[in-house]
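# Architecture at a glance
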Amino acid sequence: MRAIKPLMNDARSALVLFSGGQDSTTCLAWALERFAHVETVAFDYRQRHRIELDQRLVVLDQIRQAFPHWAERLGEDHFIDMGVLGQISDTSLTRDVAFAMEKDGLPNSFVPGRNLLFFTFAAAVAWRRNIRNLVGGMCETDFSGYPDCRDNTIKALQVTLNLGMDRAFVLHTPLMWLDKAETWGLANELGGPPLVDLILEHTHTCYDSVRGTRSNWGYGCGECPACALRKRGFIAWREGRPSL
Ligand code: ZN
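The following refers to the structure shown. In this text the structure is predicted, and so the values were computed from the model without any measurement. Residue numbering note: each chain is counted from 1, following its sequence as written. At least 70 in pLDDT is required for a residue's local features to be given in this predicted model, at least 80 for side-chain atom pairs to be given and counted, and no such filter applies to totals for whole chains, interfaces and linings, which use all residues. Only heavy atoms go into the side-chain values, all of them from the structure, while hydrogens and water stay out.

Scanning the chain for helices and strands turns up 8 helices and 5 strands. Under the scheme used here, helices are H or I runs from DSSP no shorter than 4 residues and strands are E runs no shorter than 2 residues, and both carry numbers assigned from the N terminus. Listed by position from the N terminus, the elements making up the chain come as β-α-β-α-α-β-α-α-β-α-β-α-α. Only C-alpha atoms enter the radius of gyration, while the globule expectation follows 2.2 Å times N to the 0.38, with N the number of residues. Relative to a compact globule of 244 residues, whose C-alpha radius of gyration would be 18 Å, the chain shows 18 Å and is just as compact. Principal axes of the C-alpha set define a box for the chain whose edges measure 60 × 45 × 30 Å. Counting all 244 residues of the chain, 53% fall into the buried class. Buried, partly exposed and exposed residues are distinguished by accessible area as a fraction of the type maximum, computed with a 1.4 Å probe on protein chains only: under 20%, between the cut-offs, and over 50%, respectively.

Structurally, Ser24 is set in helix H1 (residues 22-34). Think of a polar contact as two N or O atoms within 3.5 Å of one another; within protein, one of them needs to be a possible hydrogen donor and the other a possible acceptor, and neighboring residues in sequence only count if both atoms come from side chains. A polar contact is formed between the side chain of Ser24 and the backbone nitrogen of Ser19, at a distance of 3.0 Å. A polar side-chain atom of Ser24 sits 3.5 Å from the main-chain amide nitrogen of Gly21. Excluding residues that lie within four positions of it along the chain, Ser24 makes contacts with Val16, Leu17, Phe18 and Ser19. Any pair of residues with heavy atoms lying within 4.5 Å of one another is described as a contacting pair.

Glancing now at the sheet that holds strand S2 (residues 37-44). Two strands qualify as a pair provided that DSSP identifies no fewer than 2 bridges between them. Ordered in space as S3-S2-S1-S4-S5, the 5 strands form an open sheet in which the pairing is parallel. Lying at the two open borders of the sheet, with one neighbouring strand each, are strand S3 (74-81) and strand S5 (170-172). Averaged over all pairs of adjacent strands, the angle between their axes in this sheet comes to 25°, without regard to strand direction. Looking at chain direction, strand S1 (residues 10-17) and S2 are connected through 5 bridges and run parallel. Residue Ala14 lies in a different strand from S2, and its bridge partner there is Val38. Structural elements are reduced to axes, namely lines fitted to C-alpha atoms, with helices fitted over the stretch in contact, and the angle between N-to-C directions of any two is expressed from 0 to 180 degrees. Lying on the sheet, H1 is in contact with S1, S2, S3, strand S4 (131-135) and S5; it crosses S1 at an angle near 170°.

A few words on the coordination of the zinc ion. Excluding water, the donors of a metal are its N, O and S neighbours within 2.8 Å, or within 3.2 Å for Na, K and Ca, and that exclusion means sites may look incomplete. Around the zinc ion, the protein contributes the donor atoms Cys206 (SG), Cys221 (SG), Cys224 (SG) and Cys227 (SG), at 2.3 to 2.4 Å from the metal centre. Viewed at the metal, the 4 donor atoms of the zinc ion are separated by angles of 104 to 116°, and the geometry they form is tetrahedral. Binding-site remark: the zinc ion is held by donors from one chain whose sequence spacing is C-x14-C-x2-C-x2-C. A four-donor site is called tetrahedral if each angle lies between 85 and 135 degrees; a four-donor site is square planar, and a six-donor site octahedral, when trans pairs exceed 155 degrees and the remaining angles lie between 65 and 115; all other cases are labelled irregular.

This part takes up the pairing of S1. Judged from the 4 bridges that link them, S1 and S4 form a sheet pairing that is parallel. Bridge assignment links Val16 to a residue of S4, and that residue is Val135. Chirality of the crossover, the property in question, places the unit of S1, H1 and S2 among those that are right-handed. We call a crossover right-handed when, viewed with the strands running away from us, the connection from the first strand over the helix to the second turns clockwise.

With that settled, the discussion passes to the environment of Phe118. Positionally, Phe118 belongs in helix H5 (residues 114-129). Here the alpha-carbon distance between Phe118 and Ala42, two residues 76 residues apart in the chain, equals 8.6 Å. What Phe118 contacts, discounting residues up to four positions off in sequence, is Leu17, Phe43, Tyr45, Met82 and Leu85.

Note on ring pairs: Phe, Tyr and Trp rings are taken, using the six-membered ring of Trp, and paired if centres are within 6.5 Å. Classes follow the plane angle, with under 30 degrees stacked, over 60 edge-to-face and the rest tilted. Counted under the stated rule, the structure contains 6 aromatic pairs. Ring plane angle 5° and centroid distance 4.3 Å describe the contact between Phe43 and Phe118, whose orientation is recorded as stacked. Taken together, the residues span a long stretch of sequence, with Phe43 in strand S2 and Phe118 in helix H5 at a distance of 75 residues. In this pair, the class of Phe43 matches that of Phe118, namely buried. Between Trp184 and Phe234, the ring centres sit 4.9 Å apart and the planes meet at 75°, which makes this aromatic pair edge-to-face. Placement of the pair is Trp184 in helix H7 (residues 180-202) and Phe234 in helix H8 (residues 225-238), with a sequence separation of 50 residues. Taking the relative accessible area as the measure of exposure, Trp184 reaches 0% and is therefore buried. In this structure Phe234 comes out as buried when scored by relative accessible area, which is 1%. What links up through ring pairs into an aromatic cluster is the set Phe43, Tyr45 and Phe118.

Written as C-alpha cells, this is what we have:
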C-alpha cells in the first residue's frame with residue numbers, strides 16, 4: 001500500500017503577494033488577522049510604476065508601527081527579480097506607451113503570464129519556507145479584463161501547483177468578489193480608520209510613477225485606469241454605495 005506523505009507545509013502560515021498597492025495591503029491585513037505567521041513577496045518585472053517597490057517598504061514599516069499585534073506576526077520579506085518578464089513583455093506596464101484597449105478586448109496593460117508566474121514563484125518560496133497559504137489580490141469583480149485574475153484561473157493554478165510541487169497549497173484571493181468600494185470597506189473592518197489612512201497615505205496604485213499631490217483617495221495621476229478605479233471606489237465607499 002502506498003504510504004500517505006505528511007503535508008509538510010504549515011497551515012498557520014501565509015505568504016502574501018505584496019506589491020505595496022491598495023489591494024495587496026488590504027490582503028496583507030486580511031492575512032495578518034488570520035494567520036500566526038505571515039511573510040511577504042514582491043516581484044520586480046521592470047514595471048513602469050517601480051515607485052510601488054519603494055513604497056511597499058514604507059507600508060510594511062508603517063504597519064509594524066501602527067499595529068503591534070500584527071507586527072508580531074509579520075515575518076520575512078522576499079524580493080524576486082523577474083526582469084526577464086519585462087524583457088519579453090510588450091505592454092503599457094513595461095514599455096513607455098499610452099494605455100489603450102486592444103482589438104481583442106484586453107487592455108494593453110495586460111502582462112501575459114504575470115499572475116501565473118507570480119503565484120508559481122511564490123509557491124516555490126513557500127515550499128522552501130514551509131508555508132501552506134498563498135494570498136493574492138486578484139479580483140474579477142471590478143473591470144480590468146485580465147484573464148489571469150479570474151477565479152477559475154486561480155483555482156486551476158492551485159491544482160497545478162499542488163500536483164507539480166506535491167504540496168497542499170491553498171491560494172486565497174480575498175478580494176475576488178469585492179468591488180473597489182467593498183475593498184475599502186474590508187480595510188476599514190480589518191484595521192479601522194488607521195488602516196484606511198495608512199493605505200491612503202502610503203500605498204501606490206497609479207500605473208505611472210506619479211505620487212503628485214494628495215487627494216482624498218490618496219496619491220496618483222488621477223487619470224490612468226488604476227487611479228480611476230481607486231478614486232471611484234473610495235468615493236462610492238464614503239457615500240455608502242457600490243462602485244460599479
Ligand atoms: Zn494614475
